[in-house]
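# Summary of the model geometry
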Amino acid sequence: MTFEDQEPRVLEREGCPLHYWLVGDATRPLVVLTHGAGLDHRMWRDNVEALAEHHRVLLWDVRGHGLSRPMGTRFTVETVIDDMVALLDAIGAPPAVHVGQSMGGNLAQELVRRHPDRVRALVLVDCACNTAALSWMERLGVWLTPAMLRLYPYGALLRHSAQSISALESVRGYCQDAMSRLEKHETLDVMMAVLGCMRDEPDARIPKPFVLVRGALSRAGSIAKQGPAWARRDPSCRVDVVIADANHCVNMDAPRAFNDAVRSFLATLA
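Residues numbered from 1 in each chain as written. Predicted model: local features only at pLDDT ≥ 70, side-chain atom pairs only at ≥ 80, totals over all residues. Heavy atoms only, no water.

An unreviewed UniProt entry lists the protein chain under the name Alpha/beta fold hydrolase, with Polyangium mundeleinium as the source organism.

Written out as structure tokens, the structure is:
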């Protein structure tokens, strides 16, 4: 039986029914999977079984995404971090390895900053560094983003986003379907919350071991440019893995290579 055959568990939080799934032996170390903006738990469908061989796996739909609707209270980083902690408390979780794709990686960085005791290690999947110094062009982009998003026709925004983040048509179709479940104002709130994670703190370091995993075809934001420099400057970074023939949704575009990279890192924590 796969996780998709299970009935999800539900935790009610501030007007939102947080849906989550637990897979694997409860006595094994915990791995938490957090999806990217606009997506949901389905993005991990090709990864859960491999990761659950030696770990317990928790995957969930972040507030407002997937089955975790209605959104309830407005989407903010503070609210979602509180959701994560409440979810970990609900299952009595020990410090866990947090695997986050894109927005999920930004949230994982915020979690370890605010609650380092809840984190054993991080796998940051095609996500930006929350504390990297921004160039003037990047600062301008952040400043212009709200107005640009409000003016962009929503259907076109979803189509363009889905086309740009995967190398596979099947994955693009899933992405557009998942993103279309959010209303435009909800998507704007999510995107602005993620941008709000960015702080110019180039001397900051992550206090837990982590690995970067990204697709060679990804052109999302400054991720490709940041990766090598981030890996060099933070001694907690074990490796910067670049997977060929994969885009921003690297775990879906190249699941076997992704699973191998994550399991190799997990083995070093034993």
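### Quick word on the packing of aromatic side chains
Inspection of the entire model under this criterion finds two aromatic pairs. Arranged with centres 6.5 Å apart and planes meeting at 35 degrees, the rings of Trp 44 and Phe 258 form a pair that is tilted. Of this pair, Trp 44 sits in the loop between β3 (30–34) and α1 (48–51) while Phe 258 is found in helix α10 (residues 255–268), placing the two residues 214 residues apart along the sequence. Neither residue differs from the other here; Trp 44 and Phe 258 are each classed as buried. Taking 5.7 Å as the distance between ring centres and 40 degrees as the angle between the ring planes, the aromatic pair formed by Phe 210 and Trp 230 counts as tilted. In this pair, Phe 210 sits in strand β7 (residues 210–215) while Trp 230 sits in helix α8 (residues 223–233), placing the two residues 20 residues apart along the sequence. Classification of Trp 230 by relative accessible area gives buried; the value is 4%. If you follow Arg 45 out to its NZ or CZ, it ends over the ring of Tyr 174, 5.3 Å from the centre. (Phe/Tyr/Trp six-rings, centres within 6.5 Å; stacked < 30°, edge-to-face > 60°. Helix = DSSP H or I, 4+ residues; strand = E, 2+ residues; numbered from the N terminus. Buried < 20%, exposed > 50% of the residue type's maximum accessible area, 1.4 Å probe, protein only. Lys NZ or Arg CZ within 6 Å of the ring centre and 35° of its normal.)

### Comments concerning the pattern of salt bridges
Under the definition given, this model contains 18 salt bridges. Between Arg 199 and Glu 201 there is a salt bridge, with the nearest N and O atoms lying 3.4 Å from each other. Residue Arg 199 is classed as buried on the basis of its relative accessible area of 17%. A residue is classified by how much of its surface remains accessible, and Glu 201, at 35% relative accessible area, is partly exposed. Ionic contacts of the salt-bridge type, sharing partners, join the residues Glu 78, Glu 110, Arg 113, Arg 114, Arg 199 and Glu 201 into one network. (Salt bridge = Lys/Arg side-chain N within 4 Å of Asp/Glu carboxyl O.)

### Looking at helix α2 (residues 77–90)
Its 14 residues give α2 an end-to-end C-alpha distance of 20 Å, which sits within 8% of 20 Å, the value for a rise of 1.5 Å per residue. Along α2, the residues classified as buried are Val 77, Thr 79, Val 80, Ile 81, Asp 83, Met 84, Val 85, Ala 86, Leu 87 and Leu 88. Positive phi appears at Gly 92, one or two residues downstream of α2, with a value of about 65 degrees. (Expected span 1.5 Å × (residues − 1).)

### Quick word on the packing of helix α5 (residues 154–164) against helix α6 (residues 169–179)
Two numbers describe how α5 lies on α6: the axes approach to 8 Å, and their chain directions differ by 145 degrees. As for the relative orientation of α5 and α6, their crossing is right-handed in sense. Here α5 contributes Tyr 154, Leu 158, Arg 159, Ser 161, Ala 162 and Gln 163 to the contact with α6, which in turn contributes Glu 169, Arg 172, Cys 175, Gln 176 and Met 179. (Axes fitted to C-alpha atoms, helices over the stretch in contact; angles between N-to-C directions. Left-handed = near helix turned anticlockwise from the far one by under 90°. Contact = heavy atoms within 4.5 Å.)

### Comments concerning the pairing of β3
Within a regular strand, the side chains alternate between the two sheet faces. The buried fraction of β3 is high, at five of five residues. Of the two faces of β3, the one carrying Leu 30, Val 32 and Thr 34 and the one carrying Val 31 and Leu 33 are both buried. Here β3 runs beside strand β4 (residues 56–60); their pairing, made up of four bridges, is parallel. When the bridges of β4 are listed, Leu 33 appears paired with Leu 59. Examined bridge by bridge, β3 and strand β5 (residues 96–101) share four bridges and lie parallel to one another. Within β5, the position partnered with Thr 34 by the bridge is Gly 100. (Pairing = 2+ DSSP bridges.)

### Quick look at the sheet that holds strand β2 (residues 16–23)
With mixed pairing, the eight strands of this open sheet are ordered in space as β1-β2-β4-β3-β5-β6-β7-β8. The open sheet is flanked by β1 (9–13) and β8 (237–243), the only strands paired with a single partner. The average angle at which neighbouring strand axes cross in this sheet is 20 degrees, direction not considered. Judged from the five bridges that link them, β7 and β8 form a sheet pairing that is parallel. When the bridges of β8 are listed, Val 213 appears paired with Val 241. Against the sheet, α8 contacts β6 (119–125), β7 and β8, and its axis sits at roughly 155 degrees relative to β7.

### Structural notes on unusual backbone geometry
The step from Arg 69 to Pro 70 runs through a cis peptide bond, and the omega angle for that step is 10 degrees. Along the chain, Pro 70 falls in the loop between β4 and α2. With phi around 50 degrees, Glu 14 is a residue other than glycine that occupies positive phi space. Turning to its location among the elements, Glu 14 is positioned in the loop between β1 and β2. The backbone of Ser 102 shows a phi angle near 55 degrees, a positive value even though the residue is not glycine. Of note, Ser 102 is situated in the loop between β5 and α3 (103–114).

### Examining the environment of Trp 21
Of note, Trp 21 is situated in strand β2. Measuring from C-alpha to C-alpha, the distance between Trp 21 and Arg 256 comes to 22 Å, with 235 residues separating the pair along the chain.

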